[in-house]
Each structure stands twice: as C-alpha cells, then as structure tokens.
Amino acid sequence: MPSVKEVFALIDQQLKEDISRAEGIVAVYQFNLSGADAGVYQVVLRPDAGFVIEGEQETPDCTLSMDSEDFKKMVDGELNGTEAFMSGRLRIDGDMGLALRLQEVLGAYNSAKQ
C-alpha cells in the first residue's frame, strides 16, 4: 500500500489533470492524520483549480482527523467513510455537507490507481 504522501500526490495529480472531479465544491479539506504515517494535508478546491498542500496553510472548511492506516483503507475503498465516522475512527469538524461530498474528491485517487 502506498504512503499517505503518495496517496495525496496522486490526488493532486488527478485534480490538476481534471478539476471536474470536484465540480461544484469550493472548499479546503484538512486531513489531520495520526499513527505510523502521520501528517497534515490540505485538499484545496477552487472553481478553476484543485491541488494538495502539505501542512496547514489555509483555513479549513472541513477537518477530518483519523489514523493514517484508516485513511489509506478509506481511500482504497476498504473502509466506508460513514462507518468510520459512526464508529469513532473518523472525527469531522466543520461543514458536514462538505464531508459528505468527500468521496467525489477521493475518487480521484481510485481513478489514478487503475
């Protein structure tokens, strides 16, 4: 399984190639990841661009906190985001509506993998 940094690099690449993946979403998602592959990443979505930055550089609209291994399982489709949230493995702060649309954004990773 790739590292968290590699996952976000793929998402960044896919968003730059095709911003329509996040069509209609204007937001900053922040991922606070703990555990073996810890880090802070932001997925920034604008009307005309989407990209990933490492660290906290912009004010997030939606912050997701979880273990890095759970994050990798979630983007890989092995862990359902709703189940992770309901079981306490995923904590969400900020705009819940944006959190519900996150799967569209993370879909960029699964497209790149294939």
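Report follows, based on the coordinates. Owing to the predicted nature of the structure, the values given are computational and were not obtained by experimental measurement. (Residues numbered from 1 in each chain as written. Predicted model: local features only at pLDDT ≥ 70, side-chain atom pairs only at ≥ 80, totals over all residues. Heavy atoms only, no water.)

**Considering the packing of aromatic side chains**
Tallied over the entire structure, the rule returns four aromatic pairs. Geometrically, the ring pair formed by Phe 8 and Tyr 41 is stacked, given 4.4 Å between the ring centres and 10° between the ring planes. With a gap of 33 residues between them, Phe 8 in helix H1 (residues 4–17) and Tyr 41 in strand S2 (residues 39–45) connect regions that are remote in the sequence. The same class applies to Phe 8 and to Tyr 41, which are both buried. For the pair Phe 8 and Phe 71, a centre-to-centre distance of 5.0 Å together with 10° between the ring planes defines the contact as stacked. With Phe 8 in helix H1 and Phe 71 in helix H2 (residues 68–75), this pair connects stretches of sequence that are 63 residues apart. An aromatic cluster of three or more residues is present, and its members are Phe 8, Phe 31, Tyr 41 and Phe 71. (Phe/Tyr/Trp six-rings, centres within 6.5 Å; stacked < 30°, edge-to-face > 60°. Helix = DSSP H or I, 4+ residues; strand = E, 2+ residues; numbered from the N terminus. Buried < 20%, exposed > 50% of the residue type's maximum accessible area, 1.4 Å probe, protein only.)

**Structural notes on the pattern of salt bridges**
Summed over all chains, the structure comprises seven salt bridges. Arg 46 serves as the salt-bridge partner of Glu 58, at 2.5 Å between the closest nitrogen and oxygen. Separated by 12 residues along the polypeptide, Glu 58 in the loop between strand S3 (50–54) and strand S4 (62–67) and Arg 46 in the loop between S2 and S3 bring together distant segments of the chain. Glu 58 sits in the partly exposed class, given a relative accessible area of 26%. Residue Arg 46 is classed as partly exposed on the basis of its relative accessible area of 30%. In this structure, the salt-bridge partner of Asp 93 is Arg 91, at a minimum N-O distance of 3.8 Å. (Salt bridge = Lys/Arg side-chain N within 4 Å of Asp/Glu carboxyl O.)

**Comments concerning a nonpolar patch on the surface**
Together, Phe 85, Met 86 and Met 96 make up an exposed nonpolar region whose accessible area comes to about 310 Å². Residue placement: Met 96 occurs in helix H4 (residues 96–100). Exposure remark for Met 96: the relative accessible area of 37% places this residue in the partly exposed category. (Patch = residues over 30% accessible without salt bridge, like charges linked within 9 Å, V, L, I, M, F, W, Y side chains within 5 Å. Areas by Shrake-Rupley, 256 points an atom, 1.4 Å probe, with all protein chains shown as cover.)

**Regarding the side chain of Thr 63**
Structurally, Thr 63 is set in strand S4. Leaving out residues up to four positions away in the same chain, Thr 63 has contacts with Gln 30, Asn 32, Arg 91, Ile 92 and Asp 93. (Contact = heavy atoms within 4.5 Å.)

**Section: the sheet that holds strand S5 (residues 90–94)**
Pairing between sheet strands relies on hydrogen bonds along the backbone, with the strands arranged either parallel or antiparallel. Overall, mixed pairing links the five strands, which are arranged S3-S2-S1-S4-S5 in an open sheet. Looking at which strands have only one partner, the edges of the open sheet turn out to be S3 and S5. The average angle at which neighbouring strand axes cross in this sheet is 20°, direction not considered. With five bridges connecting them, S2 and S3 associate as antiparallel partners. Along S3, the bridge assignment pairs Val 44 with Phe 51. Sheet contacts for H1: strand S1 (27–34), S2 and S3; angle to S3, the most-contacted strand, approximately 155°. (Pairing = 2+ DSSP bridges. Axes fitted to C-alpha atoms, helices over the stretch in contact; angles between N-to-C directions.)

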